[in-house]
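Residues per chain are reported as follows:
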Amino acid sequence: MSYFLPLKVASADTGDLSAEFTSDTLTVQARAKIAIQTIFSGTGIEGQVWLDKSLDGTNWTKDHNTACRVTGTSEAPIFDILDTAIPCFRVHWTPTAGTGTMTIKTYTKTL
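A brief look at the structure comes next.

Cut-offs used in this document
Residues numbered from 1 in each chain as written. Predicted model: local features only at pLDDT ≥ 70, side-chain atom pairs only at ≥ 80, totals over all residues. Heavy atoms only, no water. Helix = DSSP H or I, 4+ residues; strand = E, 2+ residues; numbered from the N terminus. Rg over C-alpha atoms; globule rule 2.2 N^0.38 Å. Buried < 20%, exposed > 50% of the residue type's maximum accessible area, 1.4 Å probe, protein only. Contact = heavy atoms within 4.5 Å. Areas by Shrake-Rupley, 256 points an atom, 1.4 Å probe, with all protein chains shown as cover. Lys, Arg positive; Asp, Glu negative; His and termini not counted. Charge placed at Lys NZ, Arg CZ, Asp CG, Glu CD. Salt bridge = Lys/Arg side-chain N within 4 Å of Asp/Glu carboxyl O. Phe/Tyr/Trp six-rings, centres within 6.5 Å; stacked < 30°, edge-to-face > 60°. Lys NZ or Arg CZ within 6 Å of the ring centre and 35° of its normal. Core = buried A, V, L, I, M, F, W, Y, C linked by side-chain atoms within 4.5 Å.

**As for the overall build of the protein**
Thought 1: Counting its secondary structure elements, the protein contains zero helices and nine strands.
Thought 2: What you see in the protein, going N to C, is helices and strands ordered as β-β-β-β-β-β-β-β-β.
Thought 3: For the protein, whose C-alpha radius of gyration is 13 Å, the value lies close to the compact-globule estimate of 13 Å for 111 residues.
Thought 4: Projected onto its principal axes, the C-alpha coordinates of the protein cover approximately 40 × 25 × 25 Å.
Thought 5: Taken across its 111 residues, the protein has 37% of its residues classed as buried.
Thought 6: Within the protein, contacts between residues at least 6 apart in sequence are counted, and of these 78% link residues at least 24 apart.
Thought 7: Just so you have it, the protein exposes about 6,000 Å², and 52% of that area is on carbon and sulfur atoms.
Thought 8: Within the protein, the 11 negative side-chain charges are centred at a point lying 6 Å from the centre of the 9 positive side-chain charges.

Pasting the structure below:
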């Protein structure tokens, strides 16, 4: 079974790119494949986006392999995760310039 789901930021549909934030948790237990896309809108956007991962949804570790530098709204990084044993993910944003919003979309496919 497949699911397309938005991932919220502090229960809102978008995150404010002028401040650092993390998204709500995406719990993917019993899910085999996950894709997460970050979509940017605004002006002068610069910063870094990556995934944090956790085994318990409380203690988070930065996944350094997913770190992407963003410079503008034309970029929409997609994180593709296959056959993971990690049950919890979230998107992390750190700005260096600009204002705008980020929308996060997810796709999961169960075995």
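**Structural notes on the pattern of salt bridges**
Thought 1: Scanning the model with the defined rule gives four salt bridges in all.
Thought 2: Notably, a salt bridge pairs Glu-46 with Arg-69, separated by 3.3 Å at the nearest N-O pair. Taken together, the residues span a long stretch of sequence, with Glu-46 in strand β5 (residues 31–54) and Arg-69 in strand β7 (residues 68–71) at a distance of 23 residues.
Thought 3: For Glu-46, a relative accessible area of 31% puts it in the partly exposed group.

**A look at the side chain of Thr-106**
Thought 1: Looking at where Thr-106 falls in the secondary structure, it is placed in strand β9 (residues 88–110).
Thought 2: Leave out the neighbours within four places in its chain, and Thr-106 touches Tyr-3, Phe-4, Leu-5, Leu-7, Leu-26, Ala-35 and Ile-36.

**With respect to the packing of aromatic side chains**
Thought 1: Within this structure, the stated rule accounts for one aromatic pair.
Thought 2: Between Phe-40 and Trp-93, the aromatic rings sit 5.4 Å apart at their centres with planes inclined by 50°, giving tilted as the arrangement. Taken together, the positions of Phe-40 in strand β5 and Trp-93 in strand β9 put the pair 53 residues apart, joining distant regions of the chain.
Thought 3: For Phe-40, a relative accessible area of 5% puts it in the buried group.
Thought 4: The positively charged end of Lys-62 is found above the aromatic ring belonging to Trp-50, 4.0 Å away from the centroid.

**What about the nonpolar core?**
Thought 1: Ile-36, Phe-40, Val-49, Val-91, Trp-93 and Met-102 are the most contacted members of the largest nonpolar core, which totals 20 residues.
Thought 2: Taken together, the elements giving at least two residues each to this core come down to β5, β8 (78–82) and β9.
Thought 3: With six residues, β5 is the single largest residue contributor to this core.
Thought 4: Setting aside its immediate chain neighbours within four residues, Val-49 contacts Thr-38, Phe-40, Thr-66, Ala-67, Cys-68, Val-70, Pro-77, Phe-79, Val-91, His-92, Trp-93 and Met-102.

**Some remarks on the environment of Ser-2**
Thought 1: Within the element layout of this structure, Ser-2 appears in strand β1 (residues 2–7).
Thought 2: Judged by its relative accessible area of 39%, Ser-2 falls in the partly exposed class.
Thought 3: For Ser-2 and Gly-44, which are 42 residues apart along the polypeptide, the C-alpha to C-alpha distance reads 35 Å.

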